[in-house]
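Spelled out from the first residue to the last, the chains are:
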Amino acid sequence: MTELSALKSKWFWYSVLCIVCWAGWALLAKMGSYEIPAEASQFLFAWAAVPVALVLLAGRRFKLEKNGKGIFYSIANGVLSAVGSWALFAAYRTNGNTSVITAVTAMYPLISVVLAIAVLRERLTKLHLLGLAFATAAFIIFSF
Amino acid sequence: MHLAPWFWYSAIVLVTWGIVGLLQKLSTNEVSAESALIWLVVGFVVLTPVFYRGKAMFSYSALSLTYIVASSVLNAVGSWALLAAMKHGGKAAIIVPLTALYPLLVTLAAPFLLHESITPLEGIGVGCALIAVVLLST
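Only a predicted model underlies this, so the values are computations on that prediction, with no experimental measurement involved.

Cut-off values and rules
- Residues numbered from 1 in each chain as written.
- Chains lettered and ligands numbered in written order.
- Predicted model: local features only at pLDDT ≥ 70, side-chain atom pairs only at ≥ 80, totals over all residues.
- Heavy atoms only, no water.
- Helix = DSSP H or I, 4+ residues; strand = E, 2+ residues; numbered from the N terminus.
- Contact = heavy atoms within 4.5 Å.
- Phe/Tyr/Trp six-rings, centres within 6.5 Å; stacked < 30°, edge-to-face > 60°.
- Buried < 20%, exposed > 50% of the residue type's maximum accessible area, 1.4 Å probe, protein only.
- 1 Å grid on protein atoms, 1.4 Å probe; cavity = no way out; pocket = protein on both sides within 12 Å on 5 of 7 lines; lining within 4 Å.
- Points joined across faces, edges and corners; volume = space filled by probe spheres on them.
- Nonpolar A, V, L, I, M, F, W, Y, C, P; charged D, E, K, R; others polar.
- Patch = residues over 30% accessible without salt bridge, like charges linked within 9 Å, V, L, I, M, F, W, Y side chains within 5 Å.
- Areas by Shrake-Rupley, 256 points an atom, 1.4 Å probe, with all protein chains shown as cover.
- Salt bridge = Lys/Arg side-chain N within 4 Å of Asp/Glu carboxyl O.
- Axes fitted to C-alpha atoms, helices over the stretch in contact; angles between N-to-C directions.
- Parallel < 35°, antiparallel > 145°, perpendicular 65-115°, else oblique.
- Left-handed = near helix turned anticlockwise from the far one by under 90°.

Draft legend 1. Representation of the side chain of Asn97(A). Examined against the element boundaries, Asn97(A) turns out to sit in the loop between helix 5 (68–93) and helix 6 (98–105). Every residue in contact with Asn97(A), bar those within four places of it in the chain, is listed here: Glu116(B), Ser117(B), Ile118(B) and Glu122(B).

Draft legend 2. Just the packing of aromatic side chains, in detail. Residues and elements named next belong to chain B. A complete count under the given rule lists 17 aromatic pairs over all chains for this structure. Both rings, one in Phe7 and one in Trp8, keep their centres 6.4 Å apart while their planes meet at 80°; by these two values the pair is edge-to-face. Look at Trp8 and you get exposed, because its relative accessible area is 52%.

Draft legend 3. Looking closely at the layout of surface pockets. Taken as a whole, the largest pocket encloses approximately 1500 Å³ of empty space. If you trace the largest pocket, you find 50 residues lining it, with Tyr108(A), Gly21(B), Gln24(B), Leu82(B) and Val96(B) closest to the centre. Looking at the lining of the largest pocket, the elements with two or more residues in it are helix 2 (10–33), helix 5 and helix 7 (109–119) of chain A together with helix 1 (5–30), helix 2 (33–46), helix 4 (62–87), helix 5 (92–99) and helix 7 (120–136) of chain B. With eight residues, the top contributor of residues to the lining of the largest pocket is helix 1 of chain B. In terms of residue class, the lining of the largest pocket is built from 32 nonpolar, 15 polar and three charged.

Draft legend 4. Up close: a nonpolar patch on the surface. Residues Val20(A), Leu104(B), Leu105(B) and Leu108(B) make up a contiguous nonpolar surface patch of roughly 330 Å² in combined accessible area. Top element by residues in the nonpolar patch is helix 6 (residues 102–113) of chain B. It accounts for three residues. Mapped onto the elements, Leu104(B) comes out in helix 6.

Draft legend 5. Quick peek at the packing of helix 3 (residues 38–48) of chain A against helix 4 of chain B. The interhelical angle for the contact between helix 3 of chain A and helix 4 of chain B, taken along N-to-C directions, is 45°, at an axis separation of 8 Å. With respect to helix 4 of chain B, the element helix 3 of chain A is oriented oblique. Taken as a pair, helix 3 of chain A and helix 4 of chain B cross one another with a handedness that is right-handed. Each of Ser41(A), Leu44(A), Phe45(A) and Ala48(A) in helix 3 of chain A lies in contact with helix 4 of chain B, whose residues at this interface are Leu65(B), Ile68(B), Val69(B), Ser71(B), Ser72(B), Val73(B) and Asn75(B).

Next comes the structure, spelled out in C-alpha coordinates:
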(Lines give C-alpha, C1' and ligand atoms only; values in the text may rest on other atoms or scores of the structure.)
Protein backbone atom coordinates (compact mmCIF):
# COMPACT_ATOMS: atom_id res chain seq x y z
CA MET A 1 0.00 0.00 0.00
CA THR A 2 2.80 2.41 1.00
CA GLU A 3 4.61 1.70 -2.27
CA LEU A 4 1.42 2.34 -4.26
CA SER A 5 0.78 5.61 -2.50
CA ALA A 6 4.38 6.66 -3.21
CA LEU A 7 3.75 6.06 -6.92
CA LYS A 8 0.76 8.39 -6.75
CA SER A 9 2.61 11.18 -4.97
CA LYS A 10 4.25 14.09 -6.74
CA TRP A 11 7.42 13.93 -4.65
CA PHE A 12 8.17 10.43 -5.99
CA TRP A 13 8.01 11.53 -9.62
CA TYR A 14 10.06 14.64 -8.93
CA SER A 15 12.64 12.31 -7.38
CA VAL A 16 12.57 10.12 -10.50
CA LEU A 17 13.02 13.26 -12.63
CA CYS A 18 16.00 14.19 -10.46
CA ILE A 19 17.61 10.75 -10.96
CA VAL A 20 17.07 10.86 -14.73
CA CYS A 21 18.44 14.41 -15.00
CA TRP A 22 21.52 13.68 -12.90
CA ALA A 23 22.25 10.47 -14.81
CA GLY A 24 21.87 12.48 -18.03
CA TRP A 25 24.21 15.13 -16.64
CA ALA A 26 26.93 12.52 -15.92
CA LEU A 27 26.57 10.79 -19.31
CA LEU A 28 26.57 14.05 -21.31
CA ALA A 29 29.51 15.41 -19.29
CA LYS A 30 31.45 12.28 -20.26
CA MET A 31 30.44 12.58 -23.93
CA GLY A 32 31.51 16.24 -24.02
CA SER A 33 34.80 15.49 -22.28
CA TYR A 34 36.02 13.35 -25.22
CA GLU A 35 36.79 16.59 -27.09
CA ILE A 36 36.60 19.49 -24.63
CA PRO A 37 39.24 19.92 -21.87
CA ALA A 38 38.06 20.11 -18.24
CA GLU A 39 38.69 23.87 -17.83
CA ALA A 40 36.67 24.81 -20.93
CA SER A 41 33.91 22.39 -19.92
CA GLN A 42 33.63 23.95 -16.46
CA PHE A 43 33.59 27.49 -17.97
CA LEU A 44 30.65 26.55 -20.22
CA PHE A 45 28.96 24.51 -17.49
CA ALA A 46 28.93 27.50 -15.12
CA TRP A 47 27.47 29.96 -17.64
CA ALA A 48 24.85 27.45 -18.80
CA ALA A 49 23.50 27.34 -15.22
CA VAL A 50 22.82 31.11 -15.23
CA PRO A 51 19.46 30.93 -17.11
CA VAL A 52 18.19 28.40 -14.55
CA ALA A 53 19.19 30.78 -11.72
CA LEU A 54 17.42 33.63 -13.53
CA VAL A 55 14.21 31.56 -13.82
CA LEU A 56 14.39 30.86 -10.06
CA LEU A 57 15.07 34.56 -9.41
CA ALA A 58 12.06 35.58 -11.52
CA GLY A 59 9.98 33.02 -9.59
CA ARG A 60 10.91 34.94 -6.43
CA ARG A 61 10.02 38.27 -8.12
CA PHE A 62 13.72 39.21 -7.99
CA LYS A 63 13.68 39.34 -4.20
CA LEU A 64 16.28 37.46 -2.16
CA GLU A 65 16.76 37.28 1.60
CA LYS A 66 19.44 39.68 2.87
CA ASN A 67 21.21 37.24 5.11
CA GLY A 68 24.99 37.69 5.02
CA LYS A 69 25.78 34.29 6.47
CA GLY A 70 23.41 32.50 4.10
CA ILE A 71 24.82 34.34 1.07
CA PHE A 72 28.41 33.62 2.13
CA TYR A 73 27.74 29.91 2.65
CA SER A 74 25.89 29.66 -0.68
CA ILE A 75 28.60 31.43 -2.69
CA ALA A 76 31.29 29.30 -1.01
CA ASN A 77 29.10 26.36 -1.93
CA GLY A 78 29.16 27.47 -5.59
CA VAL A 79 32.93 27.99 -5.64
CA LEU A 80 33.62 24.53 -4.18
CA SER A 81 30.98 22.94 -6.43
CA ALA A 82 32.76 24.50 -9.42
CA VAL A 83 36.13 23.05 -8.36
CA GLY A 84 34.45 19.67 -7.90
CA SER A 85 32.76 19.87 -11.31
CA TRP A 86 36.05 20.74 -12.96
CA ALA A 87 37.69 17.72 -11.28
CA LEU A 88 34.80 15.51 -12.45
CA PHE A 89 35.27 16.66 -16.08
CA ALA A 90 39.02 16.00 -15.67
CA ALA A 91 38.33 12.52 -14.26
CA TYR A 92 36.01 11.67 -17.18
CA ARG A 93 38.64 12.94 -19.63
CA THR A 94 41.27 10.50 -18.32
CA ASN A 95 39.29 7.74 -20.11
CA GLY A 96 38.54 6.04 -16.81
CA ASN A 97 35.35 3.99 -16.66
CA THR A 98 32.32 6.31 -16.46
CA SER A 99 30.29 3.99 -14.21
CA VAL A 100 33.16 3.64 -11.76
CA ILE A 101 33.99 7.37 -11.67
CA THR A 102 30.31 8.32 -11.24
CA ALA A 103 29.84 5.81 -8.40
CA VAL A 104 33.06 6.87 -6.62
CA THR A 105 32.35 10.61 -6.85
CA ALA A 106 28.75 10.07 -5.70
CA MET A 107 30.22 8.90 -2.38
CA TYR A 108 30.89 12.52 -1.34
CA PRO A 109 28.39 12.23 1.57
CA LEU A 110 31.22 10.26 3.18
CA ILE A 111 33.09 13.54 3.72
CA SER A 112 29.87 15.43 4.58
CA VAL A 113 29.06 12.91 7.33
CA VAL A 114 32.56 13.16 8.80
CA LEU A 115 32.40 16.99 8.70
CA ALA A 116 28.90 17.06 10.17
CA ILE A 117 30.20 15.06 13.13
CA ALA A 118 33.28 17.29 13.55
CA VAL A 119 31.67 20.71 12.88
CA LEU A 120 27.96 20.34 13.67
CA ARG A 121 28.47 17.78 16.46
CA GLU A 122 25.97 15.46 14.76
CA ARG A 123 25.96 11.82 15.81
CA LEU A 124 27.05 8.92 13.64
CA THR A 125 24.19 6.45 13.18
CA LYS A 126 24.58 2.69 12.73
CA LEU A 127 23.54 3.09 9.08
CA HIS A 128 26.30 5.69 8.61
CA LEU A 129 28.84 3.26 10.08
CA LEU A 130 27.65 0.55 7.70
CA GLY A 131 27.87 3.07 4.85
CA LEU A 132 31.45 3.92 5.82
CA ALA A 133 32.29 0.19 5.74
CA PHE A 134 30.85 -0.19 2.20
CA ALA A 135 32.64 2.97 1.05
CA THR A 136 35.93 1.63 2.40
CA ALA A 137 35.33 -1.67 0.57
CA ALA A 138 34.63 0.24 -2.67
CA PHE A 139 37.82 2.28 -2.32
CA ILE A 140 39.90 -0.85 -1.67
CA ILE A 141 38.41 -2.55 -4.75
CA PHE A 142 39.01 0.47 -7.00
CA SER A 143 42.59 0.91 -5.80
CA PHE A 144 43.61 -2.46 -7.32
CA MET B 1 50.35 0.93 -5.01
CA HIS B 2 49.65 2.79 -8.26
CA LEU B 3 46.40 4.71 -8.41
CA ALA B 4 44.91 5.70 -11.78
CA PRO B 5 44.76 9.46 -12.63
CA TRP B 6 40.94 9.40 -12.47
CA PHE B 7 41.20 8.36 -8.82
CA TRP B 8 43.02 11.57 -7.81
CA TYR B 9 40.55 13.80 -9.67
CA SER B 10 37.72 11.85 -8.04
CA ALA B 11 39.33 12.50 -4.64
CA ILE B 12 39.11 16.25 -5.35
CA VAL B 13 35.40 15.80 -6.22
CA LEU B 14 34.82 13.86 -2.98
CA VAL B 15 36.50 16.47 -0.78
CA THR B 16 35.00 19.58 -2.44
CA TRP B 17 31.47 18.17 -2.79
CA GLY B 18 31.76 16.68 0.69
CA ILE B 19 32.31 20.19 2.08
CA VAL B 20 29.48 21.39 -0.20
CA GLY B 21 27.17 18.89 1.55
CA LEU B 22 27.92 20.61 4.85
CA LEU B 23 27.63 24.13 3.40
CA GLN B 24 24.26 23.24 1.86
CA LYS B 25 22.93 22.53 5.32
CA LEU B 26 24.47 25.69 6.78
CA SER B 27 23.17 27.88 3.93
CA THR B 28 19.61 26.53 3.94
CA ASN B 29 19.51 27.14 7.71
CA GLU B 30 19.83 30.84 6.82
CA VAL B 31 18.10 31.31 3.42
CA SER B 32 15.51 29.49 1.28
CA ALA B 33 16.58 26.61 -0.97
CA GLU B 34 15.91 28.71 -4.11
CA SER B 35 18.04 31.60 -2.82
CA ALA B 36 20.80 29.16 -1.89
CA LEU B 37 20.72 27.77 -5.45
CA ILE B 38 20.81 31.27 -7.00
CA TRP B 39 23.82 32.33 -4.88
CA LEU B 40 25.45 28.98 -5.65
CA VAL B 41 25.33 29.86 -9.36
CA VAL B 42 26.92 33.23 -8.47
CA GLY B 43 29.75 31.29 -6.82
CA PHE B 44 29.97 29.13 -9.95
CA VAL B 45 30.31 32.20 -12.19
CA VAL B 46 32.81 33.93 -9.86
CA LEU B 47 35.30 31.19 -10.62
CA THR B 48 34.88 31.22 -14.44
CA PRO B 49 37.89 33.54 -15.13
CA VAL B 50 40.08 30.80 -13.62
CA PHE B 51 38.80 28.32 -16.20
CA TYR B 52 38.79 30.67 -19.21
CA ARG B 53 41.26 29.50 -21.85
CA GLY B 54 40.76 32.10 -24.59
CA LYS B 55 38.68 32.10 -27.76
CA ALA B 56 39.91 28.63 -28.69
CA MET B 57 37.35 27.35 -26.21
CA PHE B 58 34.57 28.07 -28.65
CA SER B 59 36.22 26.26 -31.57
CA TYR B 60 35.10 22.82 -30.47
CA SER B 61 32.43 20.94 -32.38
CA ALA B 62 28.83 22.07 -31.89
CA LEU B 63 27.94 18.56 -30.73
CA SER B 64 30.48 18.53 -27.88
CA LEU B 65 29.51 22.07 -26.84
CA THR B 66 25.85 20.98 -26.81
CA TYR B 67 26.70 17.99 -24.60
CA ILE B 68 28.38 20.23 -21.99
CA VAL B 69 25.66 22.91 -22.03
CA ALA B 70 22.91 20.26 -21.84
CA SER B 71 24.73 18.52 -18.97
CA SER B 72 24.69 21.79 -17.04
CA VAL B 73 20.97 22.34 -17.67
CA LEU B 74 20.18 18.75 -16.63
CA ASN B 75 22.26 19.16 -13.48
CA ALA B 76 20.34 22.34 -12.56
CA VAL B 77 16.92 20.84 -13.42
CA GLY B 78 17.83 17.77 -11.33
CA SER B 79 18.65 20.03 -8.37
CA TRP B 80 15.36 21.87 -8.85
CA ALA B 81 13.45 18.54 -9.03
CA LEU B 82 15.08 17.50 -5.74
CA LEU B 83 13.85 20.72 -4.10
CA ALA B 84 10.40 20.27 -5.67
CA ALA B 85 10.19 16.69 -4.35
CA MET B 86 10.87 17.97 -0.83
CA LYS B 87 8.40 20.82 -1.27
CA HIS B 88 5.66 18.37 -2.32
CA GLY B 89 5.68 16.51 0.96
CA GLY B 90 8.42 13.96 0.41
CA LYS B 91 10.62 13.13 3.39
CA ALA B 92 14.27 14.14 2.98
CA ALA B 93 15.24 10.84 4.64
CA ILE B 94 13.69 9.01 1.66
CA ILE B 95 14.30 11.45 -1.20
CA VAL B 96 18.02 12.06 -0.60
CA PRO B 97 19.05 8.36 -0.60
CA LEU B 98 16.63 7.66 -3.48
CA THR B 99 18.04 10.39 -5.74
CA ALA B 100 21.59 9.36 -4.77
CA LEU B 101 20.96 6.27 -6.91
CA TYR B 102 21.58 8.14 -10.19
CA PRO B 103 24.96 6.35 -10.70
CA LEU B 104 22.96 3.13 -11.03
CA LEU B 105 21.22 4.57 -14.10
CA VAL B 106 24.61 5.64 -15.46
CA THR B 107 25.94 2.09 -14.97
CA LEU B 108 22.93 0.67 -16.83
CA ALA B 109 23.12 3.20 -19.69
CA ALA B 110 26.93 3.31 -20.15
CA PRO B 111 27.21 0.05 -22.18
CA PHE B 112 24.63 1.32 -24.68
CA LEU B 113 25.52 5.01 -24.90
CA LEU B 114 29.26 4.97 -24.26
CA HIS B 115 30.06 1.37 -25.29
CA GLU B 116 31.83 0.82 -21.98
CA SER B 117 31.77 -2.34 -19.93
CA ILE B 118 32.89 -3.02 -16.38
CA THR B 119 34.79 -6.00 -15.00
CA PRO B 120 33.09 -8.20 -12.36
CA LEU B 121 35.40 -6.71 -9.68
CA GLU B 122 34.51 -3.15 -10.75
CA GLY B 123 30.85 -4.20 -10.69
CA ILE B 124 31.25 -5.28 -7.05
CA GLY B 125 32.98 -1.97 -6.33
CA VAL B 126 30.15 0.00 -7.97
CA GLY B 127 27.64 -2.05 -5.94
CA CYS B 128 29.50 -1.30 -2.67
CA ALA B 129 29.73 2.40 -3.61
CA LEU B 130 25.99 2.59 -4.33
CA ILE B 131 25.09 0.92 -1.03
CA ALA B 132 27.49 3.29 0.74
CA VAL B 133 25.91 6.33 -0.98
CA VAL B 134 22.40 5.30 0.07
CA LEU B 135 23.42 4.52 3.67
CA LEU B 136 25.47 7.69 4.05
CA SER B 137 22.66 9.84 2.64
CA THR B 138 20.17 8.71 5.28
